[in-house]
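# Structural features, examined
Listed below, chain by chain, are the residues.
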Amino acid sequence: MLQPFTCIRLGLCVLGLLGAAAVCYAAELDVQASKVVDHLHVLASFSDDTFPAVTRILFTPMDMEARAYVKSLMTEVGLEIREDAMGNIYGKWQGSDAGLGSVLTGSHCDAIPLAGMYDGTLGVIGALEALAALKRAGFRPRRSLEVVMFTSEEPTRFKLSCVGSRAMAGALAADTLDVKLDENGTSFLEAANAVGYGGASHQAILDSTRTPKGSVDFFVELHIEQGPLLEQVRAMPLLRLSMQCLCSGLGVRNACCDS
């Protein structure tokens, strides 16, 4: 099994190849692994449980602090930030050919109760370091490169997983969201509106979140599934660099490389 930062380097090559029809060699890139670990530790501090466990529920104060931190890192890398009504956060490095679809990469930062510090977050922080390393190397992409932080990947609050990515792919119906309430009887719409996202209705949110056809050509995700219980039983964390099922919904090229 590849080590996490070997996979980050592999991911950099994938992004480089897809982004500009130019070969990118991992050995020539300055991937600052220690910085990635530092950022992951900061993210882990935004938690309702004590380290090493991480609990970060959608649209709670800890989630909003984590979102603000991720946006600050996107700014440091020099990306253009936008957020959609669902709460997905994007950081874009504009390519030279506006007629080409983007290379999209990222994952999520919400965390189920007692999760680990790498689950989802490595896919976001690693992607930001990937783009930062490409910039330090003087890389100039033809395709735009975008980092996404998906909203509500975990089902903890509303018992519905992958909400942000489903909405992007047009694979989520308003009537599904309409009946989902958290333990306090709060709807997704109410929770989203309370923190500055949302809209007039669930349908309005979905309509504005759908990714336009042709705007994304490739999606790459670096993902680790792990947590304290897995570590206690010495289970090997699952490490994957893959094209997820989101690809089919976005209409992008579907390929897979698992390690």
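Right above here is the structure, for reference.
Being a predicted model, the structure only gives us computed values, none of them experimental.

Rules and cut-offs
- Residues numbered from 1 in each chain as written.
- Predicted model: local features only at pLDDT ≥ 70, side-chain atom pairs only at ≥ 80, totals over all residues.
- Heavy atoms only, no water.
- Helix = DSSP H or I, 4+ residues; strand = E, 2+ residues; numbered from the N terminus.
- Contact = heavy atoms within 4.5 Å.
- Areas by Shrake-Rupley, 256 points an atom, 1.4 Å probe, with all protein chains shown as cover.
- Axes fitted to C-alpha atoms, helices over the stretch in contact; angles between N-to-C directions.
- Parallel < 35°, antiparallel > 145°, perpendicular 65-115°, else oblique.
- Left-handed = near helix turned anticlockwise from the far one by under 90°.
- Nonpolar A, V, L, I, M, F, W, Y, C, P; charged D, E, K, R; others polar.
- Salt bridge = Lys/Arg side-chain N within 4 Å of Asp/Glu carboxyl O.
- Buried < 20%, exposed > 50% of the residue type's maximum accessible area, 1.4 Å probe, protein only.
- Polar contact = N/O pair within 3.5 Å; in protein donor to acceptor, adjacent residues only side chain to side chain.
- Core = buried A, V, L, I, M, F, W, Y, C linked by side-chain atoms within 4.5 Å.

### Some words on the overall build of the protein
Secondary structure assignment for the protein yields 10 helices and nine strands. Put simply, of all contacts in the protein between residues at least 6 apart along the chain, 67% involve residues at least 24 apart. Summed over all atoms, the accessible surface of the protein reaches about 11300 Å², with 55% contributed by carbon and sulfur.

### Digging into the packing of helix α2 (residues 33-44) against helix α3 (residues 61-77)
Interhelical geometry of α2 versus α3 gives an angle of 155° and a closest axis separation of 10 Å. One way to sum up the angle between α2 and α3 is to call them roughly antiparallel. Considering only the axes of α2 and α3, their crossing is right-handed. Across the interface between the two elements, H39, V42 and L43 of α2 pack against A66, Y69, V70 and L73 of α3. Looking at the contact of α2 with α3 residue by residue, the classes come out as six nonpolar, one polar and no charged.

### Remarks on the pattern of salt bridges
As enumerated under the stated definition, the model contains seven salt bridges in all. Ionic pairing is found between R136 and D30, a salt bridge with its closest N-O pair at 3.5 Å. Highlighted residues: R136 in helix α4 (residues 121-136) and D30 in the loop between α1 (4-20) and α2, separated in sequence by 106 residues. Residues R136 and E129 are paired through a salt bridge, measuring 2.4 Å at the closest nitrogen-oxygen approach. Classification of R136 by relative accessible area gives partly exposed; the value is 36%.

### What about the environment of D217?
Locating D217 in the fold gives a position in strand β7 (residues 216-225). Note on D217: relative accessible area 15%, which makes it buried. One polar contact links D217 to R143, side chain to side chain, over a distance of 2.6 Å.

### Regarding the side chain of S102
Position of S102 among the secondary structure elements: in strand β4 (residues 102-108). Among residues more than four places away in sequence, those in contact with S102 are K92, S144, E146, S215, V216, D217 and F218.

### A look at the nonpolar core
One finds L43, L79, M86, L128, L177 and F188 to be the most contacted residues of the largest nonpolar core, which totals 57 residues. Top contributing element to this core by residue count: α4, with nine residues. When neighbours within four sequence positions are excluded, L128 is seen to be in contact with V70, L73, M74, V77, L79 and V147. Among the nonpolar cores identified, the runner-up in size contains seven residues, and Y90, M168, V216 and F219 belong to it.

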